[in-house]
Amino acid sequence: MFILPDITSLILDDHDWFRRAFATLDEAKTPQALSQTWDVLSMRLDLHAEAEEEIFYPQLLKSNTKPEEETKDAISDHNKIRDAVAESKKCEIGSDQWWNFVGQARLENSKHMAEEERGPLADFRSRTNEDLRNKIGQAWIEYYSQHSEGRNLDPIDKDPEAYIEDNK
């Protein structure tokens, strides 16, 4: 029997992956190792944000009692993470400036994950049925497949208010 994954579990799995990937980055010793690790990690940060904005947050807006503030906060966090990632790509790998932007991405991502785990993910799990969470989880898996390795991904900042209005 094939069991569809719960969207909240998939997002939590990504959060765990991010924590491990940043730890791997901390252990990288050469510019090549830093570059290889950051290339994968930064792409996945962008992919995760885009997937949440495409798959999860539109559903949250439809199913939660106070989703606007949580969604606005998440989109703002994603923008900060995207901006730090984009700025890091303009710097020499391993330079102080590069580490500054990587640190900004890490800090914003850590804050975002903690808020999301305490709020929207827990709320969504308690307010929606398993069938819906699994259906959305399947859409998440398909999105990741369609955009593997960042393929056809256009990570751009979004206006939180316009996003909410467009996805209500």
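Okay, so let's go over this structure. All values derive from a computational prediction rather than experimental measurement.

**Thoughts on the pattern of salt bridges**
Moving on, step 1. The tally for this structure, following the rule as stated, stands at 16 salt bridges.
Moving on, step 2. In this structure, Arg133 engages Asp6 in a salt bridge whose closest nitrogen and oxygen atoms are separated by 2.5 Å. Placement of Arg133 in helix H6 (residues 130–146) and of Asp6 in the segment before helix H1 (7–27) is noted, with a sequence separation of 127 residues between them. Across the pair, Asp6 and Arg133 agree in class, each one buried.
Moving on, step 3. Note that Lys72 is salt-bridged to Glu161, the shortest N-O span being 2.9 Å. Note that Lys72 is positioned in helix H3 (residues 67–88) and Glu161 in helix H7 (residues 160–167), a separation of 89 residues in sequence.

**Digging into the packing of aromatic side chains**
Moving on, step 1. Inspection of every chain in the model, using the stated rule, returns 7 aromatic pairs.
Moving on, step 2. Taking 6.1 Å as the distance between ring centres and 85° as the angle between the ring planes, the aromatic pair formed by Trp38 and Trp98 counts as edge-to-face. In this pair, Trp38 sits in helix H2 (residues 31–63) while Trp98 sits in helix H4 (residues 96–118), placing the two residues 60 residues apart along the sequence.
Moving on, step 3. Overall, Trp38 belongs to the buried group, its relative accessible area being 1%.
Moving on, step 4. Among the residues examined, Trp98 registers a relative accessible area of 0% and is labelled buried.
Moving on, step 5. Ring geometry for Trp98 versus Trp99: centroids 4.8 Å apart, planes at 75°, classification edge-to-face.

**Digging into the packing of H2 against H3**
Moving on, step 1. The contact between H2 and H3 brings their axes to 10 Å, and the two run at 160°. Here H3 runs roughly antiparallel to H2, going by the angle between their axes. The interaxial crossing formed by H2 with H3 has left-handed handedness. From H2, Trp38, Ser42, Leu45, Asp46, Ala49, Glu50, Glu52, Glu53, Tyr57, Leu60 and Leu61 reach across to H3, where they touch Pro67, Glu68, Glu70, Thr71, Ala74, Ile75, His78, Ile81, Arg82, Val85 and Ser88.
Moving on, step 2. For the contact of H2 with H3, a count of residues per class yields 11 nonpolar, 4 polar and 7 charged.

**Focus: H3**
Moving on, step 1. Spanning 22 residues, H3 covers 31 Å between terminal C-alpha atoms, matching the ideal 32 Å at 1.5 Å per step.
Moving on, step 2. Taken as a whole, H3 has its buried residues at Pro67, Thr71, Ala74, Ile75, Asp77, His78, Asn79, Ile81, Arg82, Ala84, Val85 and Ser88.
Moving on, step 3. Contacts from the buried residues of H3 go to H2, H4 and H7.

**Things to note about the packing of H3 against H7**
The axes of two packed helices give the description: the angle between them and the distance between them.
Moving on, step 1. Running from N to C, H3 and H7 cross one another at 130°; their axes reach a closest spacing of 9 Å. One finds that H3 runs oblique with respect to H7. At the point where H3 passes H7, the crossing takes the right-handed sense. Within the contact between the two elements, H3 uses Glu68, Thr71, Lys72, Ile75, Ser76 and Asn79 and H7 uses Pro160, Glu161, Tyr163 and Ile164.
Moving on, step 2. Classifying every residue of the contact of H3 with H7 gives 4 nonpolar, 3 polar and 3 charged.

Scoring rules and cut-offs
- Counting of residues starts from 1 at the beginning of each chain's written sequence and follows it residue by residue.
- Restriction of local features to residues with pLDDT of at least 70 applies here, the model being predicted, together with a cutoff of 80 or more for giving and counting side-chain atom pairs; totals for whole chains, interfaces and linings are based on all residues.
- Here the side-chain values reflect all heavy atoms present in the structure, with hydrogen atoms and water set aside.
- Any carboxyl oxygen of Asp or Glu within 4 Å of a side-chain nitrogen of Lys or Arg constitutes a salt bridge here.
- A run of DSSP states H or I qualifies as a helix once it reaches four residues; a run of E qualifies as a strand once it reaches two. Both are numbered from the N-terminal end.
- A 1.4 Å probe rolled over the protein chains alone gives each residue an accessible area, and that area as a share of the maximum for its type sets the label: buried under 20%, exposed over 50%, partly exposed in between.
- By convention, a stacked pair of Phe, Tyr or Trp rings (six-membered ring in the case of Trp) has centres within 6.5 Å and planes under 30 degrees apart, an edge-to-face pair has planes over 60 apart, and any other such pair is tilted.
- The angle between two axes is taken between their N-to-C directions and runs from 0 to 180 degrees, where each axis is a line fitted to C-alpha atoms and a helix contributes only its stretch in contact.
- Any angle between 65 and 115 degrees counts as roughly perpendicular, while under 35 counts as roughly parallel, over 145 as roughly antiparallel, and the rest as oblique.
- Crossings are assigned a handedness: left-handed for a near helix turned anticlockwise from the far helix by less than a right angle, right-handed for a clockwise turn.
- Two residues qualify as a contact provided that any one of their heavy atoms is within 4.5 Å of a heavy atom in the partner residue.
- Following the grouping adopted for this structure description, the nonpolar residues are Ala, Val, Leu, Ile, Met, Phe, Trp, Tyr, Cys and Pro, the charged ones are Asp, Glu, Lys and Arg, and the polar ones are all others, Gly among them.
- By this rule the span expected of a helix is its residue count minus one, scaled by 1.5 Å.

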